[in-house]
There are 4 protein chains.
Amino acid sequence: MAIVLGDNHYGKAETRVVRVVRDTDRHEIRDRNVSTALRGDFADAHETGDQAHVLPTDSQKNTVFAYAAEHGAGSCEEYAVAVADRLLEASPYATSAQVRVEEYAWDRIPVGDAESRQGHDHAFVRRGTETRTCVVTVEGRDPDRRLHVLSGLTDLTVLKSTGSEFKGFLTDRYTTLAETDDRILATSLTAWWRWPPGAVVSTSSTGGRDWDAAYDSVKAVLHETFATTYSRALQETLLLMGRAALEAQPDLAEIRFSAPNKHHFLVDLAPFGMDNPGEVFHADDRPYGLIEAQVRRDDAADDAAAWRDVPEW
Amino acid sequence: MAIVLGDNHYGKAETRVVRVVRDTDRHEIRDRNVSTALRGDFADAHETGDQAHVLPTDSQKNTVFAYAAEHGAGSCEEYAVAVADRLLEASPYATSAQVRVEEYAWDRIPVGDAESRQGHDHAFVRRGTETRTCVVTVEGRDPDRRLHVLSGLTDLTVLKSTGSEFKGFLTDRYTTLAETDDRILATSLTAWWRWPPGAVVSTSSTGGRDWDAAYDSVKAVLHETFATTYSRALQETLLLMGRAALEAQPDLAEIRFSAPNKHHFLVDLAPFGMDNPGEVFHADDRPYGLIEAQVRRDDAADDAAAWRDVPEW
Amino acid sequence: MAIVLGDNHYGKAETRVVRVVRDTDRHEIRDRNVSTALRGDFADAHETGDQAHVLPTDSQKNTVFAYAAEHGAGSCEEYAVAVADRLLEASPYATSAQVRVEEYAWDRIPVGDAESRQGHDHAFVRRGTETRTCVVTVEGRDPDRRLHVLSGLTDLTVLKSTGSEFKGFLTDRYTTLAETDDRILATSLTAWWRWPPGAVVSTSSTGGRDWDAAYDSVKAVLHETFATTYSRALQETLLLMGRAALEAQPDLAEIRFSAPNKHHFLVDLAPFGMDNPGEVFHADDRPYGLIEAQVRRDDAADDAAAWRDVPEW
Amino acid sequence: MAIVLGDNHYGKAETRVVRVVRDTDRHEIRDRNVSTALRGDFADAHETGDQAHVLPTDSQKNTVFAYAAEHGAGSCEEYAVAVADRLLEASPYATSAQVRVEEYAWDRIPVGDAESRQGHDHAFVRRGTETRTCVVTVEGRDPDRRLHVLSGLTDLTVLKSTGSEFKGFLTDRYTTLAETDDRILATSLTAWWRWPPGAVVSTSSTGGRDWDAAYDSVKAVLHETFATTYSRALQETLLLMGRAALEAQPDLAEIRFSAPNKHHFLVDLAPFGMDNPGEVFHADDRPYGLIEAQVRRDDAADDAAAWRDVPEW
């Protein structure tokens, strides 16, 4: 018996890089939080303190900044792939690189009177709705390089003020919950969807996927399915949302959800001689239900490498 | 010399009440975080432990919920006034009541195809931009009742990617900052604007102020002024925003700002042989500049009661 | 009528400076979050964008670091005074400077076997209990310089599992709370205590106050009074704590408390056929009671400058 | 090809239960945040909305409270096992139950004069250092029941003011970091250690493991190893800490670490004509290095079920 080093990885987390695209007077901004990680032969760093195999996390941060110049104007997926490939190029002892991006959307500030209202060229207001995410994992180098891409979002907070029930559930001696035909259903959704693994990220400019458009499409489908379907449970709603996303994007392999059930309790106003016909609710913080579910094509191969170290899964 | 009780107040903070307006199938929601506080003759509670003058904070919470039924469908200002008046009615030993509201906006989830796209009747997505706020303080009871109303917003995060400079500043032996003709200017704004004190809150339905419209108007003016004016310093921008708000709402007495200067540092890419013509920035967390300034009509009377215990001021 | 600039100030918030005292092999650390602010004649910066009166907040940050070298090894109060004086020296257009410090305590990591257990010379673990604070405001310069010092703490979280009641309170139609003879009382205390204003900060090394010892003394008195007194309400407990602090430190003018009543609700286990004799509680997040109270010597002069812009008051 | 439901689970997250042990006048408190989750045959809930297999998360919350009465006075591991077993008993369609606990330590408030100083019987101050954690997963029921136990801690923030270097690392064109012989090393550690799987949790009262003592022992070893070993990299320190923990607890199978490298940058005071011999540092927030590593006995079997859904791994 010996005590040994097991799996390990290291990197630089949460480099906050803002890329201004100012090719014309009408600027664009890409506001991102980027984390990098390397796996590989780093045993010496642990066992003897020898850092000869270790590209400093400070160099990884510098790479995130430097690559924002050339690769940061496009989608987060393309940018993440460029950074991951560079880290593998710079770090011969690494066998895989993972780059995670959180992206915060900004809208142009509206200016002008009602008739001529339009967005300003270089003034923005942070949108504040969901955060877009991606995780890119590159294993190996050409010709054996393999690319895994997850896209996703987090903190998409949605609510239905009716069209949701919860009844017919299993009960035990600790069950006190009443059935309900009409409740508020609310969640703050995290979702990850997985693209098929491959060797290249083609982009719309090279005849391939338009990653930004794909993101918008999946988000719109999640929105619309949540809004327009009746809910007998958050579980049912998640499966419907997952199906709709996979139907809308035929090359998606799977989608995974983490969905807190943000409870809105109908306040009992009877002690004050008042009815409460679904009007006054207490939005509680904790505890909350937590539903996590995967939806997948039954013929899609698994891809464990894509999900490694991904938060929530 | 004796040790004595000084100023004191108590209340219930952060009651999270959601009011669904379901008079028709097209629901509205008002999502609020409500805090109440009472000042008055509560010395016995401190000095002898006698609670005979103390309306429990639990009863204040119940009032917040109960009043949401009848008064919660309209503006936060009207609702806060109703709650404050009720607390003074219920608590004869109180001399003033303060009600603070934070309000979180929700948008209808868009549904339908591109041509028929519209918002859903009862499904919403949290907007996530700024939080609307108000602080209502009622002193006394009829016929000597006096009403103080602040409206405001917090976490309005705006950014200009150009049109901002910082130069010509005072220097000392600890000054290392370089002057700049072109930088990112970003802030996460808190603003409070004060309405003239009075005895009544009239509303648009009673021939008076439309509080929701006034909020939208001030916000639009803040947005537009930030976007369309050149900035020689965040200080200059704040004064311009304040002026514009007071000009747009002639009965406003003053507006106060708390504005962190959210630094975006141009990354030095020269060590990598690269230029950085205003494209790649590091968004730093701490430290940050903090500018706080008031803008007022020079003939407006002060109103200390309105500002009492208000965060940031 | 004109629209004019009112009160304003600016500075650098939250510079995170760690000072290692390594005069001997047994190191000490002072871990601080420092915010500075200046008031004075800064109208031009707002009105014309002329920055000639404005010492950049970046220079203020540099001062915080540079002064940590010479003045950062002692108490936060002495360090804050040194920084404030320097900012007034560097900024001739400023009329007052305020320096706020939050200080995080670290303990030496215990090493050695049970008999020889002692703290390590240069390895520390963050204590994590309350945060020590101070706010120093310097108005003017010699010979008219005036110094205002608040010391304090925040996030001191204390709990009594018995010895607390709440009954005999005022009721109204919205009161549903039951009286109780025995409850959990818990709060996360913020306290500020004010020293008499003056011209100098004398320190223990100059025959004057030992600021660190004074802090420890006040904290110990707050602890002990909370622990050993029966509570008929959080209000009563705060007054007792304030009295005890002022009695322990005869030159303190006043102390102010902000105390959330962190509710622990006895869980109703009766539906499951179980008693709950004060054993199982739900610790709720929101809403919470909030009690704020001042305790003062009746012959102490007011000192508005000391409290200006202080959070919670 | 079809779109199908994949892995899924559901439960109640973050029930905040406080258990007061008042068998004698000298109370104890156990302050916990408990999350439960069930896996099993819940496909109908997703596919048809039929909830007949679903024990409501509200009932899970009630179970957490009810079981705190009988099982909440001891270690978090024993309590979690009791809750997990009960959930499997109540939910015949579940195949496994996972219970996670975060536990917040409180210390007795010291009272009495210096000579007779001791902890109070029923007044406590929250310790605020690390949070103790455990994750218990029960698969199946007797006689095929299998138990997996992780213990751990999070937010253990430690710092060495010397005795740490970083040099000899790999460089590339984006490397600008200088080597250093003496730096601050600081981290906020998360650690999980895995006990061998089995069928029963024996406790010290039944001749088996004293879980509280084991926790204290592992924590002490982590503390002491961090303090007393020289660090050529955080990687080396983690392996040393892991070895020491496994050596101290011979039946531990493995330990896993997630360790942010909380950077403390030596401030350049040269522009002000000052040296900085390791005295003044800037504690930066983001980005940060992130090192994650596992240390294990080479003859220990894997146990994937123990780690399922565990945050950080």
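What you see is a predicted model; the values in this text were computed from it and never measured.

Student: Where do I start with the domain arrangement of chain A in this structure?
Tutor: Size of an interface, as often reported, equals the accessible area lost when the parts are brought together. Residues and elements named next belong to chain A. Here chain A is described as being made up of domain 1 (1-142) and domain 2 (145-313). The gap between the C-alpha centroids of domain 1 and domain 2 is 26 Å. On the side of domain 2, 22 residues touch domain 1, which itself brings 21 residues to the contact. Elements represented by at least two residues in the side of domain 1 that touches domain 2 include exactly α3 (76-90) and β7 (131-139). Examining the composition of the side of domain 1 that touches domain 2, we find that 9 residues originate from one element, β7, more than from any other. Residue classes in the side of domain 1 that touches domain 2 are distributed as 6 nonpolar, 8 polar and 7 charged.

Student: Sorry if this is basic, but what is going on with helix α5 (residues 234-248) of chain D here?
Tutor: Counting along an α-helix, one turn takes 3.6 residues, and residues three or four places apart therefore face a common direction. Over its 15 residues, α5 of chain D runs 21 Å from end to end, which matches the ideal 21 Å to within 8%, given 1.5 Å per residue. Counted residue by residue, α5 of chain D has 12 buried out of 15 residues, so it is predominantly covered. Turning to α5 of chain D, its buried residues number three or more, namely L234, Q235, E236, T237, L238, L239, L240, M241, G242, A244, A245 and L246 of chain D. Close packing links the buried residues of α5 of chain D with β1 (3-13) and α1 (43-47) of chain A together with β9 (185-194), α4 (211-228), β10 (254-261) and β13 (288-297) of chain D.

Student: Sorry if this is basic, but what is going on with the relation of the copies chain C and chain D here?
Tutor: Both copies of the chain are related through a single rotation about an axis accompanied by a shift along the same axis. With an axial shift of 0.0 Å and an RMSD of 0.0 Å, the rotation relating chain C to chain D amounts to 180°. The superposition operator between the copies reduces to a two-fold rotation axis. Residue G128 of chain C of chain C places its C-alpha closer to the rotation axis than any other residue of that unit, at 2.1 Å. The fraction of interface residues of chain C whose copies in chain D are also interface residues reaches 100%, indicating that both copies meet through the same surface.

Student: Just to check I follow, could you spell out the packing of helix α2 (residues 57-71) of chain D against helix α3 (residues 76-90) of chain D for this structure?
Tutor: A pair of packed helices can be characterised by two numbers: the angle between their axes and the separation between those axes. Residues and elements named next belong to chain D. Between α2 and α3, the least distance of the axes is 10 Å, while the angle of their chain directions is 130°. Classified by the angle between their axes, α2 and α3 sit oblique to one another. Both α2 and α3 take part in a crossing whose hand is right-handed. Between α2 and α3, the residues in contact are Q60, T63, V64, Y67 and H71 and E78, Y79, A82, V83, R86 and L87, respectively. The residue makeup of the contact of α2 with α3, split by class, is 6 nonpolar, 3 polar and 2 charged.

Student: Teacher, can you tell me more about the confidence of the model for chain A here?
Tutor: Low pLDDT means the predicted atomic positions in that stretch should not be read closely. Here chain A averages 96 in pLDDT, while 100% of its residues score no lower than 70. Confidence estimates for the predicted assembly give a pTM of 0.97 and an ipTM of 0.96.

Student: I tried to follow the environment of E165 of chain A on my own but got confused; where do I start?
Tutor: Residue and element names in this part refer to chain A. Looking at the element boundaries, E165 is found in the loop between β8 (146-160) and β9 (185-194). Assessed through the 18 C-beta atoms surrounding it within 10 Å, E165 is described here as partly exposed. In this structure, the C-alpha to C-alpha distance between E165 and L185, residues 20 residues apart in sequence, is 8.5 Å. Discounting chain neighbours no more than four positions away, the residues touching E165 are T180, D181, D182, R183 and R232.

Student: Would you explain helix α2 (residues 57-71) of chain C in this entry?
Tutor: For α2 of chain C, which comprises 15 residues, the first-to-last C-alpha distance of 20 Å matches the rise-based estimate of 21 Å (1.5 Å per residue) to within 8%. Counting buried positions along α2 of chain C yields 11 of 15 residues, so the element is predominantly enclosed. Turning to α2 of chain C, the residues buried within the fold contact β13 (288-297) of chain B, β1 (3-13), β2 (15-21), β3 (28-40) and α3 (76-90) of chain C together with β12 (280-283) of chain D.

Student: Explain the interface of chain C and chain D to me, please; I cannot follow it from the model alone.
Tutor: Each partner contributes to the interface: chain C provides 49 residues, whereas chain D provides 49 residues. When contributions to the side of chain C that touches chain D are tallied by element, the ones reaching two or more residues are β2, α2, β5 (106-111), β6 (118-126), β8 (146-160), α4 (211-228) and β12 (280-283) of chain C. For the side of chain C that touches chain D, the element with the highest residue contribution is β6 of chain C, accounting for 6 residues. Classifying every residue of the side of chain C that touches chain D by side-chain character gives 26 nonpolar, 15 polar and 8 charged. Both β8 of chain C and strand β6 (residues 118-126) of chain D contribute to a ladder of 3 bridges, which runs antiparallel. Among the inter-strand pairings, K160 of chain C is bridged to a residue of β6 of chain D, identified as A123 of chain D.

Student: Teacher, can you tell me more about the environment of R297 of chain C here?
Tutor: For R297 of chain C, the location among the structural elements is in strand β13 (residues 288-297). For the pair formed by R297 of chain C and R243 of chain C, sequence separation is 54 residues and the distance between their alpha carbons is 9.1 Å. Filtering out sequence-adjacent residues up to four positions away, R297 of chain C remains in contact with M1 and I3 of chain B together with L246, A253 and E254 of chain C.

Student: In this structure, what is going on with unusual backbone geometry? I would like to understand it.
Tutor: Leaving glycine out, the prevailing phi sign among residues is negative, and the prevailing peptide bond configuration is trans. All names here are of chain C. Cis geometry marks the peptide bond from D142 to P143; its omega dihedral reads 5°. Examined against the element boundaries, P143 turns out to sit in the loop between β7 (131-139) and β8. Cis geometry is found at the peptide bond from R286 to P287, where omega equals -10°. Examined against the element boundaries, P287 turns out to sit in the loop between β12 and β13.

Student: Could you clarify how one ought to interpret the interface of chain A and chain D in this entry?
Tutor: Tallying the contact residues gives 71 residues for chain A and 71 residues for chain D. Among the secondary structure elements, those contributing two or more residues to the side of chain A that touches chain D are β1, β2 (15-21), α1, α2 (57-71), α5 (234-248), β10 (254-261) and β13 (288-297) of chain A. The biggest single contributor to the side of chain A that touches chain D is β1 of chain A, with 11 residues. Relative to strand β1 (residues 3-13) of chain D, β13 of chain A runs antiparallel, the two being bridged by 9 bridges. When the sheet's bridge partners are listed, L290 of chain A is paired in β1 of chain D with G11 of chain D.

Thresholds, definitions, all that
Here the residue index of a chain counts from 1 through its sequence in written order. To read the labels, note that chains go from A and ligands from 1, taken in the order they are written. Local features in a predicted model are, by the rule used here, given only for residues with pLDDT of at least 70; side-chain atom pairs are given and counted only at 80 or more, and totals for whole chains, interfaces and linings are based on all residues. Segmentation of the chain into domains, including their bounds, is taken from an automatic or database domain assignment. It is the C-beta atoms, placed from the backbone, that decide contacts: two residues are in contact if theirs lie within 7 Å. Only DSSP runs of H or I with at least four residues qualify as helices, and only runs of E with at least two residues qualify as strands; both kinds are numbered from the N terminus onward. Each residue receives one of three labels: charged for Asp, Glu, Lys and Arg, nonpolar for Ala, Val, Leu, Ile, Met, Phe, Trp, Tyr, Cys and Pro, and polar for the others, Gly being one of them. Working rule for helices: expected span equals 1.5 Å times residues minus one. We call a residue exposed when 12 or fewer other C-beta atoms sit within 10 Å of its C-beta, buried when the count reaches 20 or more, and partly exposed for counts in between; the C-beta positions come from the backbone. Least squares is the method used to superpose the copies, on C-alpha atoms of residues holding a pLDDT of at least 70 in both. For helices, the fitted axis covers only the stretch in contact; all axes are lines through C-alpha atoms, and the angles between them, taken along N-to-C directions, range from 0 to 180 degrees. Angle categories are assigned with fixed cut-offs, so that under 35 degrees is roughly parallel, over 145 is roughly antiparallel, 65 to 115 is roughly perpendicular, and the rest are oblique. Crossing handedness: left-handed means the near helix sits turned counterclockwise from the far one by under a right angle, and right-handed means the same turn made clockwise. One confidence number per residue, pLDDT, is output by the predictor and ranges from 0 to 100. Think of it this way: DSSP has to see at least two bridges between two strands before they count as a pair.

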